[in-house]
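Here is how the chains run, residue by residue.
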Amino acid sequence: MAAPELSVARPATSLWRTVAALALLWGTLLVCGLGAGTGPAAFLPVPVELPALILLLSLPPRAARLLRPLLVLLMMAALVLAGADLVMRNLLDRGFNPASDLPLIRNLLDLLAESFGRLPVAAVLVAAVLLLPALAAALWRATGTISGLAPTLRARLGLMTVLILSATTGGAGASGFLLDKGVETARTFAELRLFRQAARLDPWRATPPDLARLDRDVVIVFVESYGRTSFDTDFYAAAHLPILRAAQSRLQAEGLAMRSGFVTSPTHGGQSWLAHATLANGLRIDDQTRYRAALASGRQSLFHLARRAGFRTATVAPGITRPWPEAAGMGFDRVLTAPDLGYAGKPFNWVTMPDQFTLAAFDRLTAGTADDPRPLFAQVVLISSHAPWVPVPQMIGWDQLGDGHAFDRMATQGDPPEVVWRDPSRVAAQYRDAISYSLATVLDYARLHAANPPLLIVLGDHQAATAIGQDARREVPVHVIGPTQLVDRVADWGLSPGLVPPPASPAIPMEDLRDLFLRSFSANQDRPS
């Protein structure tokens, strides 16, 4: 009996189905390659994975059937990781780390919702939920089309052409991207073990500092997104340096001393809590895994050690609106989040309240009492200069703050974020103005307390994203303001007199600040070195 002939019905349909399948696989692999940072040039070559994929799908039917689900799963995983990578690079100027960034998804969604509106973000999420299974089905069908091709001479010649083309112009973007992510994830877990060990080997655990050279309150104030770009980028420096110089003159007239410099933040463009944890723990904490390890390690933070030295400790975090159980392990006697601060005015989009109200609430809620006259050691995290920087509040009289309703008109002025963020020049201007407001507020707060000044340490948490801040460095300013006899003790940190350090000032690693502070203000004879 003669062998049946292959059907030649609708050859054009079969050809277009094959072309469409190859195009889908080609496009999928190229999009995955973009996650590896190959850029627009990645659309020109044929990825080396494409002929390899075709070869695997051209194996005998039984082998192809076994490989096909795995290949589709790998492509979908690469697509999801590439998408997450692109989002993280745009928002935080770094790639996505599966081992440490999954807990950040909700925070990122909240920020996007405040910047672009909840409805657009929800629409994108719904579209993604619908698109992923549809894309998986399309890839399943495309791989089935390729595996069903007859191994004719024409198909083999076509495959050889693809192989030659790929060998001469292609690149292993998608497979390299997946491999890099796997290596990065494994390295993160290895670093986590080392970090936990380092966190336990703290010399101050055996020799706690006495902080005997401090005779007053200490307040550490983080200014959101305040970076070195305020000094070195003309567009920002033109607004911010005059504020600093004018404040320096006023504070000097009030009898206060100042020293300033720069520190290297562990983060850039976001994740302020990594900077807070780095300063407090004296270890570089540059991802979410290390942050969680620090909380679980038993490491004595600056605030644990201050409490052991006889201080009351507190943190004021107006950006925290949900329960924050992690704070219980950070060394704070008192944790004041947004609901605790008494603000009844309208929010400024994501920003729950203006910095001026935050500082006034801090004074009101943490003042010493006759029953507990111990000095205070506190951290205040300001948020008015947090994205989306719309609208920017204005300062009012400190005696006019009330319950915050005085800011209501300001909170509804101007275009909403989804309008402002369509124009990068407007975003930059809003960021500039928000930093101007936060600097003016915290420096006027220092003036307000000049008669009985705390030791005030003001620093940035991180620079704004490079596209906005125009500075890719991870360097932020630090200012120490207070009585001369205390400020002079930080001269050996490398800080310069005044609020504007020299342009060539080197940056101190932020993780060094904890031990520098403890050594400078402790009278222990045998201090850790």
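Quick notes on the rules
- Residues numbered from 1 in each chain as written.
- Predicted model: local features only at pLDDT ≥ 70, side-chain atom pairs only at ≥ 80, totals over all residues.
- Heavy atoms only, no water.
- Phe/Tyr/Trp six-rings, centres within 6.5 Å; stacked < 30°, edge-to-face > 60°.
- Buried < 20%, exposed > 50% of the residue type's maximum accessible area, 1.4 Å probe, protein only.
- Helix = DSSP H or I, 4+ residues; strand = E, 2+ residues; numbered from the N terminus.
- Polar contact = N/O pair within 3.5 Å; in protein donor to acceptor, adjacent residues only side chain to side chain.
- Contact = heavy atoms within 4.5 Å.
- Axes fitted to C-alpha atoms, helices over the stretch in contact; angles between N-to-C directions.
- Parallel < 35°, antiparallel > 145°, perpendicular 65-115°, else oblique.
- Left-handed = near helix turned anticlockwise from the far one by under 90°.
- Nonpolar A, V, L, I, M, F, W, Y, C, P; charged D, E, K, R; others polar.

1. Observations concerning the packing of aromatic side chains
- The tally for this structure, following the rule as stated, stands at 13 aromatic pairs.
- When the centroid spacing of 5.1 Å and the interplanar angle of 75° are considered together, the rings of Phe 235 and Tyr 236 count as edge-to-face.
- Residue Phe 235 is classed as partly exposed on the basis of its relative accessible area of 35%.
- Summarising the aromatic geometry, the rings of Tyr 236 and Tyr 431 are spaced 5.1 Å apart at their centres and angled 85° between planes, so their arrangement reads as edge-to-face. Here Tyr 236 is found in helix H10 (residues 234-253), whereas its partner Tyr 431 is found in helix H17 (residues 424-448), with 195 residues between them in sequence.

2. Quick look at the side chain of Gln 300
- In this structure, Gln 300 sits in the loop between helix H12 (288-297) and helix H13 (302-308).
- In this structure Gln 300 comes out as buried when scored by relative accessible area, which is 15%.
- For Gln 300, the side chain forms a polar contact with the side chain of Arg 308, separated by 3.5 Å.
- Leave out the neighbours within four places in its chain, and Gln 300 touches Asp 202, Ala 280, Leu 305, Arg 308 and Arg 514.

3. Observations concerning the packing of helix H11 (residues 272-281) against H12
- Packing of H11 against H12 leaves a shortest axis separation of 10 Å and a crossing angle of 40°. Accordingly, the angle class assigned to the pair H11 and H12 is oblique. Two packed elements cross with a definite hand, and for H11 against H12 that hand is left-handed. Contacts from Trp 273, Leu 274, Ala 277 and Asn 281 of H11 reach H12 at Gln 288, Tyr 291 and Ala 294.
- Split into classes, the residues belonging to the contact of H11 with H12 amount to 5 nonpolar, 2 polar and no charged.

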